[in-house]
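# Understanding the architecture of this molecule
Chain by chain, the residues:
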Amino acid sequence: MTITLSLLLQMGGIALLMTVLYVIIGIIPGTDETSVLVPMTVILVSLKLNPLLIMSAFIAAVVTLNITDSIPTAITSIPGGVMSTPLVGPSQTLKKHGYTSYSVQWMMLGSLIGVLVSLPIALAFWGLFEFISVQTGLQISNFIKSYNEYIFLGGAVLMSLTSKKKLVGLLTIIPFGFATAFLRNPNLVINNTLLNVLMDGHKLSMTPFFLSITTGPLVYGLFELLFPSVFQKQQVEGKKVVLLEQDVKRVKTGTKKVVKKTAIASALGSLLFFLSPVGVTMMLGEFATRDEKDEVQEALQGVAVVNGLSSATYLAGILISLFVFAFPISPAALGPGSIIFNSGANGLDGTFIKFGNSGLTLPKGQLLVAILIGLVIGVSISVWLGMKYSRKMTEIVFKYISQETVLIFLFSIIALLSFAEAGVYGLIIVLAVGLFSGWLNRKGAGYGVQFMALYAGNLFITLLKMVF
Amino acid sequence: MKKKKTMVSLWGDHIVISSLFIGLAISLLLVAITFVVIELLAHQYPAIASNKKDLIYGFGTLAVLVAFIINNMWIKPQRTILTRSDQDTPESEDPK
């Protein structure tokens, strides 16, 4: 495939479209990154668009969502998504001192620094691996890939150990991995007539499972409302009061320090790409600001560092997984990038990854062009809009887009994809695994542990067969 | 007297349960109609039958988008937006 001017324009166009869409989604409070990124990527892949267009769209969506997620947090103290939760504390401090709009500007700059730092680090990492491979003849990535199921298992253990609920995470790995591997192909374990009728000859890909895990907390949240005690606890009266602030107050000193700390934290975050982005963001964010005595300076550094870190860990995790390993080695690639890293099934290649994680389906140079287009358009437009119109955008979205319609949109897309993939069985799987996954999430086993267990699933079936 | 809507706090916002389910029914109905129409047309025209899955994804997504627009016209956001200066102490409404 050659990159023509027409293809470049199409990449720019789709990146622009996704940027506009995810600016709106990012501002809506509470939207989880993985839940809103995966269904849209599935749609683009299912429509069989040119993979380069899908890549530009995906990267534009990822960076835009990371940037705009922080806007409602700064203005209303409602987290825009999971990654913006660490921003609530510092943004409330800045709000208290009258620096709301200024904090939005620093969040945008933080994200920009994060992207600018992580891109060269990811490319340098790729170059280093290529250099070692050429000089020594050692195929490090191939060696790592041949043990990928064990690596996913190790990753699940590591993620459990770095999470707050270590035991829950560890206890989740085997049952969840086994259950999902069994549901994907029950015939591997038993030959049940009812299951055969339900599956109607369909072979399940990973898609319904990605959707189940990503929407699990939401499905479980709705399911819980069936219990009167939970319903009463969650019941509210009257509209939600959203306070929008108006100010232009700025600090006069210390801005260089904010830039320096954000750049250093982003670089460290990029190197820790294989760990949970939320965990890294919280850990390094706290570490970067601990020596600061002034409350405003600490909070300002906090919002910039956290945004820089979240953009850097996400981007580095996806780029390094794609270019160096051609399989998802970071939580960002396993969660939001799960569709991009789908390595196909039944001997057929995925959109970007060859069957069995044996490489990329497209030349790396072409993918890099698509990534850069998505990145430049996503970052420049969302940072510009955020710096200039953050308050107005938040007001419009809060005023005209209801939370119900966003949830309905999400559920409908999931129903469409799971039914088209595997009929009634697909719907049952999404609901059942979604409930199980949501419950596990509530108990403390995060997305990262669940995705790693899902990927390691076949290992448990193989081990079970060896035993019996 | 106007009947009070039952609202719950979900995903950081207030939602009306009845609106969520009615809206979901509208959206799923449109998706189901898309499935049935494509399935029926696939029986008549071989060209449609050979591209059935792609058509379902394409027109299914379109149906969901149409439902999003329809639902957004009748489901109003349950938010009261207040603008005030930074000097006041922020408040928010907690679940009951």
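Check the entry above for the structure.
This text gives an overview of the structure that appears in the document. Just so we're clear, the structure is a prediction, and the values are computed from it rather than from any experiment.

### Description of the packing of helix α18 (residues 403–443) of chain A against helix α3 (residues 52–74) of chain B
For the pair α18 of chain A and α3 of chain B, the least separation of the axes is 10 Å and the interaxial angle reads 165 degrees. As summarised for this structure, α18 of chain A and α3 of chain B are arranged roughly antiparallel, according to the angle between their axes. Judged by the sense of rotation from one axis to the other, the crossing of α18 of chain A with α3 of chain B is right-handed. Residues T405, V406, I408, F409, S412, I413, L416, L417, A420 and E421 of chain A of α18 of chain A pack against K53, I56, Y57, G60, T61, V64, L65, F68, N71 and N72 of chain B of α3 of chain B. Across the contact of α18 of chain A with α3 of chain B, the residue classes break down as 12 nonpolar, 6 polar and 2 charged.

### Overview of the sheet that holds strand β2 (residues 13–16) of chain B
With antiparallel pairing, 3 strands are arranged side by side in an open sheet as β1(A)-β1(B)-β2(B). Each of the sheet's edge strands pairs with one partner strand only, and the pair in question is β1 (235–236) of chain A together with β2 of chain B. Bridge count for strand β1 (residues 7–10) of chain B against β2 of chain B is 4 bridges, and the pairing is antiparallel. Residue pairing for β2 of chain B: L10 of chain B is matched across the bridge by D13 of chain B. Relative to β2 of chain B, α18 of chain A is tilted by about 75 degrees, and along the sheet it contacts β1 and β2 of chain B. In this fold helix α1 (residues 17–44) of chain B packs onto β1 and β2 of chain B, with an angle of close to 65 degrees to the strand it touches most, β2 of chain B.

### So, empty space enclosed by the protein
Empty pockets left among the atoms are what a rolling probe the size of a water molecule brings to light. All names here are of chain A. The final tally for this structure, using the stated rule, is 2 cavities of 30 Å³ or more. Taken as a whole, the second largest cavity holds about 30 Å³ of empty space. Elements with a minimum of two residues in the lining of the second largest cavity: α1 (5–27), α2 (33–46) and α3 (51–68). Ranked by the residues each element gives to the lining of the second largest cavity, the list is headed by α2, at 4 residues.

### Some words on the packing of helix α6 (residues 100–136) of chain A against helix α15 (residues 295–325) of chain A
Helix packing geometry: the angle between the two helix axes and the distance between the axes. All names here are of chain A. At a closest axis distance of 6 Å, the pairing of α6 and α15 adopts a crossing angle of 30 degrees. Put simply, α6 runs roughly parallel to α15. Crossing handedness for the pair α6 and α15: right-handed. Across the contact of α6 with α15, the residue classes tally to 20 nonpolar, 8 polar and no charged.

Reading the values: rules and limits
- Residues numbered from 1 in each chain as written.
- Chains lettered and ligands numbered in written order.
- Predicted model: local features only at pLDDT ≥ 70, side-chain atom pairs only at ≥ 80, totals over all residues.
- Heavy atoms only, no water.
- Axes fitted to C-alpha atoms, helices over the stretch in contact; angles between N-to-C directions.
- Helix = DSSP H or I, 4+ residues; strand = E, 2+ residues; numbered from the N terminus.
- Parallel < 35°, antiparallel > 145°, perpendicular 65-115°, else oblique.
- Left-handed = near helix turned anticlockwise from the far one by under 90°.
- Contact = heavy atoms within 4.5 Å.
- Nonpolar A, V, L, I, M, F, W, Y, C, P; charged D, E, K, R; others polar.
- Pairing = 2+ DSSP bridges.
- 1 Å grid on protein atoms, 1.4 Å probe; cavity = no way out; pocket = protein on both sides within 12 Å on 5 of 7 lines; lining within 4 Å.
- Points joined across faces, edges and corners; volume = space filled by probe spheres on them.

Keep in mind these values describe shape, not function.
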